[in-house]
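Close look at the chain arrangement
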Amino acid sequence: MRVGVLASGHGSNLQALLDRVHGREGVEIVAVGSDKPGATALERAQRAAVPSATFPRDAYPDRAARDDAMGAWLADRGVELVVLAGYMQLVTPAFLARFPERVINVHPALLPAFPGIRAVEQAVAYGVKVFGVTVHFVDEGVDSGPVIFQRALALPEPHDAGTVRDALRPIEHELLTEAVRAIAAGAVRVDPDHPRRVYVSFDG
Ligand code: GRF
């Protein structure tokens, strides 16, 4: 399965994919895209000899044009699964239509709690004692698509956002790599009668 990754920042989730699934079990990361020309994620792609490209919002007349160019670039590279790994932009419905049920995202909260940006900060400000990570299919809403994997992390004492983010990061890496592996293995199935129900089974 040919995978394209979109990332805006540090790219630790991209690195986990490069280290743990790239070149194994039929998974190839063939493209890394970003909206941020200086993103560390692009350097990681370069180091791994994966083609990369940037699609800054201000280089295009509007979001639709940017996503059209980005979607065409990914499609030209034969991408079958798009992974949003810290990609801090919404993608357009036309972009999603190119890769039906094949765009996933990792989010540092137990959705539907705390969707959108600064999820960890929101959760810390609320004072929650159970944090977590969600990997989900991307739909046209904000972090609202069907859940593939979710894992909670209990932190009974108050912590600052940085500490919580550090504690969640290994969970993100594990769930995201596992989701890519599972999709590549054909082990992820959305119930056509209940599209919110996602089954993950390696037994067929
Ligand atoms: C992660 O917390 C991810 O959940 C969120 O953005 C962050 C990206 O981290 N969507 P990195 O760039 O992969 O290190």
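Treat the numbers as computed from the prediction; the structure is a model and nothing was measured.

Regarding the layout of surface pockets
Quantified by volume, the largest pocket comes out at close to 990 Å³. For the largest pocket, the lining is made up of 40 residues, of which Gly86, Tyr87, Met88, Val106 and Pro108 are closest to its centre. Take the lining of the largest pocket: its biggest share by element is 4 residues, from helix H6 (residues 161–184). When grouped by side-chain class, the residues that make up the lining of the largest pocket number 17 nonpolar, 14 polar and 9 charged. Of the volumes computed, that of the second largest pocket is approximately 190 Å³. Taken together, 13 residues form the lining of the second largest pocket, with Leu96, Pro100, Glu101, Val138 and Asp139 sitting closest to its centre. Its residues assigned to classes, the lining of the second largest pocket shows 9 nonpolar, no polar and 4 charged.

What about the pattern of salt bridges?
The tally for this structure, following the rule as stated, stands at 9 salt bridges. Residue Asp35 is joined to Lys36 by a salt bridge in which the shortest nitrogen-to-oxygen separation is 3.3 Å. Overall, the relative accessible area of 40% leaves Lys36 in the partly exposed class. Here Glu121 makes a salt bridge to Arg118, at a shortest N to O gap of 4.0 Å. One continuous salt-bridge network, built from bridges that share partners, spans Glu25, Glu178 and Arg181.

Re the site of the ligand
Surveying the vicinity of the ligand reveals the residues His10, Gly11, Ser12, Asn13, Gly86, Val106, His107, Pro108 and Glu172. Between an oxygen atom of the ligand and a main-chain N or O atom of His10, the distance comes to 3.4 Å. Across the complex, the protein chains shield 83% of the 370 Å² of accessible surface that the ligand would expose by itself. Comparing atom positions with the cavity grids shows the ligand to sit within the largest pocket. Looking at the shell around the ligand, the elements that each hand over two or more residues are helix H1 (12–20) and strand E5 (103–107). Here the shell around the ligand is composed, by residue class, of 2 nonpolar, 6 polar and 1 charged.

Thoughts on helix H2 (residues 40–47)
Side chains three or four residues apart in an α-helix point the same way, a direct result of the helix having 3.6 residues per turn. Regarding H2, the residues found buried are Ala41, Leu42, Arg44 and Ala45. Looking straight down H2, one finds that the buried residues subtend no more than 155 degrees of arc, so they occupy a single side. For H2, the exposed residues set more than 90 degrees away from the buried face come down to Gln46 and Arg47. Tucked inside the fold, the buried residues of H2 contact H1, strand E2 (28–34) and strand E3 (52–54).

Here we look at unusual backbone geometry
Residue Leu111 is joined to Pro112 through a cis peptide bond whose omega torsion reads 10 degrees. Turning to its location among the elements, Pro112 is positioned in the loop between E5 and helix H5 (119–126). Phi at Phe114 takes a positive value of approximately 55 degrees, unusual for a residue other than glycine. Within the element layout of this structure, Phe114 appears in the loop between E5 and H5. One non-glycine residue, Asp143, lies in the positive phi region at around 50 degrees. The class for Asp143 is buried, based on a relative accessible area of 18%.

Procedures and definitions
- Residues numbered from 1 in each chain as written.
- Predicted model: local features only at pLDDT ≥ 70, side-chain atom pairs only at ≥ 80, totals over all residues.
- Heavy atoms only, no water.
- 1 Å grid on protein atoms, 1.4 Å probe; cavity = no way out; pocket = protein on both sides within 12 Å on 5 of 7 lines; lining within 4 Å.
- Points joined across faces, edges and corners; volume = space filled by probe spheres on them.
- Helix = DSSP H or I, 4+ residues; strand = E, 2+ residues; numbered from the N terminus.
- Nonpolar A, V, L, I, M, F, W, Y, C, P; charged D, E, K, R; others polar.
- Salt bridge = Lys/Arg side-chain N within 4 Å of Asp/Glu carboxyl O.
- Buried < 20%, exposed > 50% of the residue type's maximum accessible area, 1.4 Å probe, protein only.
- Near = heavy atom within 4 Å.
- Polar contact = N/O pair within 3.5 Å; in protein donor to acceptor, adjacent residues only side chain to side chain.
- Areas by Shrake-Rupley, 256 points an atom, 1.4 Å probe, with all protein chains shown as cover.
- Sits in = over half its atoms within 2 Å of the grid points.
- Arc of directions from axis to C-beta.
- Contact = heavy atoms within 4.5 Å.

None of this, on its own, says anything about what the molecule does.
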